[in-house]
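Here's the letter readout for the chains.
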Amino acid sequence: MEILVALIPMFAWGSIGLVSGKLGGDANQQTLGMTIGAFVFSLIVFFVTMPTINGKVIIIGLLSGLCWSVGQNGQFHGMKHLGVSVGLPLSTGMQLILNTVAGAVFFAEWTQTRDYLLGICALILLVIGAYLTARQDGEKAPETENKMLDFPKGFRALISSTIGYGAYTIIITWAGIDPLAIILPQSIGMLIGASLFALRKTTVDRYVWKNTLSGLLWGVGNVCMLITVQQVGLAVGFSLSQMGIIISTLGGIFILGEKKTKKELLYVVIGCLMVIIGGVLLGYMKAA
């Protein structure tokens, strides 16, 4: 049952890039719209569950929400420059490295030799899989090139995104707070951060309101991811949640129409298979 809950973020988060890509808007509009949707979702969850909220929950929630806004804004900028099928897998691989190492080293989630062997093998598979899904064909013909590709800008955006996302999950894991209690103050921190990014740059228009749908998707995935991290640890829980790159990568190609050569499609298939195997290995590691 724990693993099933852990896989919900895979489907929810894996669809966000596709949904935002279809809904349109720039990175700041997408981030702001997404945070509004996440805030609405957190209000619903709060009034349904009525969790206990104290000063610590508020401070940690606001801080993690601000960090998330940095991560999400950077990821949207990265996807604008690199495309969903390239930007999201790269972002995923960078996040996997940071969060898995943090869970294993700082939170001592791996205590036996077996944990390190299986965990490192799974991480290698996930990272290589993420790399292959984003790999470009050096012999790509000009007519098949992605015209929005700007790797230096996209990669810089993903570095800031990884730092923000990493802090968002690590802070919550360190605090050990009830996931249902933290999501409301967290969503307020997200909204504040997104508003600062959008200040004097973005008007609240139809693109912002349309992107609230991606915020609802994120809210579902966030609750399940936080619950999973408490149950199985940051290293395993976060890694399983990031298997959504399979959905985002294939969706970027077949739904958003991002062009790939035959060689790149082969890389994508092999990469997705490696991600699946890595995820299964993590699930076995927890169940064994």
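Residues numbered from 1 in each chain as written. Predicted model: local features only at pLDDT ≥ 70, side-chain atom pairs only at ≥ 80, totals over all residues. Heavy atoms only, no water.

**Concerning the pattern of salt bridges**
Short version of the rule: The term salt bridge refers to a side-chain nitrogen of Lys or Arg lying within 4 Å of a carboxyl oxygen of Asp or Glu. For every residue, the accessible area (1.4 Å probe, protein chains only) is compared with the maximum for its type, and the residue is labelled buried under 20%, exposed over 50%, or partly exposed between those bounds.
All chains considered together, the criterion is met by 1 salt bridge. Among the ionic pairs, D115 bridges to R114, the shortest N-O distance being 2.9 Å. Take D115: its relative accessible area is 9%, and that puts it in the buried class. The class for R114 is partly exposed, based on a relative accessible area of 30%.

**Regarding the side chain of Q30**
Quick reminder of the rule: Secondary structure elements follow DSSP: runs of H or I no shorter than four residues count as helices, runs of E no shorter than two count as strands, and numbering proceeds from the N terminus. Contacts described as polar in this section are N or O atom pairs within 3.5 Å, which, within protein, must combine one atom able to donate a hydrogen with one able to accept it, while residues neighboring in sequence count only if both atoms come from side chains. Between two residues, a contact is recorded if the distance between any of their heavy atoms is within 4.5 Å.
Structurally, Q30 can be placed in helix 3 (residues 27-49). A distance of 3.1 Å separates a polar side-chain atom of Q30 from the backbone oxygen of S20. When sequence neighbours within four positions are dropped, the list of residues in contact with Q30 reads S20, G21, G24, G25, F76, K80 and N211.

**A short note on the environment of L66**
Assignment of secondary structure puts L66 in helix 4 (residues 55-82). For L66 and L282, which are 216 residues apart along the polypeptide, the C-alpha to C-alpha distance reads 29 Å. With residues near it in sequence (within four places) discarded, L66 still touches G189, M190, I192 and G193.

**Things to note about the packing of helix 3 against helix 10 (residues 212-232)**
Two quantities define a packed helix pair, namely the angle between the axes and the distance from one axis to the other. To be explicit about the condition: Angles shown run from 0 to 180 degrees and are taken between the N-to-C directions of axes, each axis being a line fitted to C-alpha atoms and, for helices, limited to the stretch in contact. When an angle is under 35 degrees it counts as roughly parallel; over 145 it counts as roughly antiparallel; between 65 and 115 it counts as roughly perpendicular; any other value is oblique. Left-handed is the label given to a crossing in which the near helix is rotated counterclockwise from the far helix by less than a right angle, and right-handed is the label when the rotation is clockwise. Each residue gets one label: Ala, Val, Leu, Ile, Met, Phe, Trp, Tyr, Cys and Pro are nonpolar, Asp, Glu, Lys and Arg are charged, and the others, such as Gly, are polar.
In the contact formed by helix 3 and helix 10, the axes pass within 6 Å of each other and the chain directions differ by 55°. Between helix 3 and helix 10, the angle falls in the class oblique. Read as a crossing pair, helix 3 and helix 10 show a hand that is right-handed. Contacts between helix 3 and helix 10 involve G33, M34, I36, G37, A38 and F41 on the former and, on the latter, T212, S214, G215, L216, W218, G219, V220 and V223. When its residues are assigned to classes, the contact of helix 3 with helix 10 shows 8 nonpolar, 6 polar and no charged.

**Here's the deal with the nonpolar core**
Short version of the rule: Remark: nonpolar core denotes a set of buried residues (Ala, Val, Leu, Ile, Met, Phe, Trp, Tyr, Cys) joined through side-chain atoms within 4.5 Å.
In this structure, W13, W68, Y168, I182 and W218 are the most contacted members of the largest nonpolar core, which totals 34 residues. Mapped onto this core, the elements with two or more residues apiece are helix 1 (2-14), helix 2 (16-23), helix 3, helix 4, helix 5 (84-106), helix 7 (151-175), helix 8 (179-198) and helix 10. Top contributing element to this core by residue count: helix 4, with 6 residues. Other than its neighbours up to four places away in sequence, W218 contacts W13, I16, M34, A38, W68, Y168, Q186 and M190. Listed in part, the 20 residues of the second largest apolar core include M10, L118, L240 and I246.

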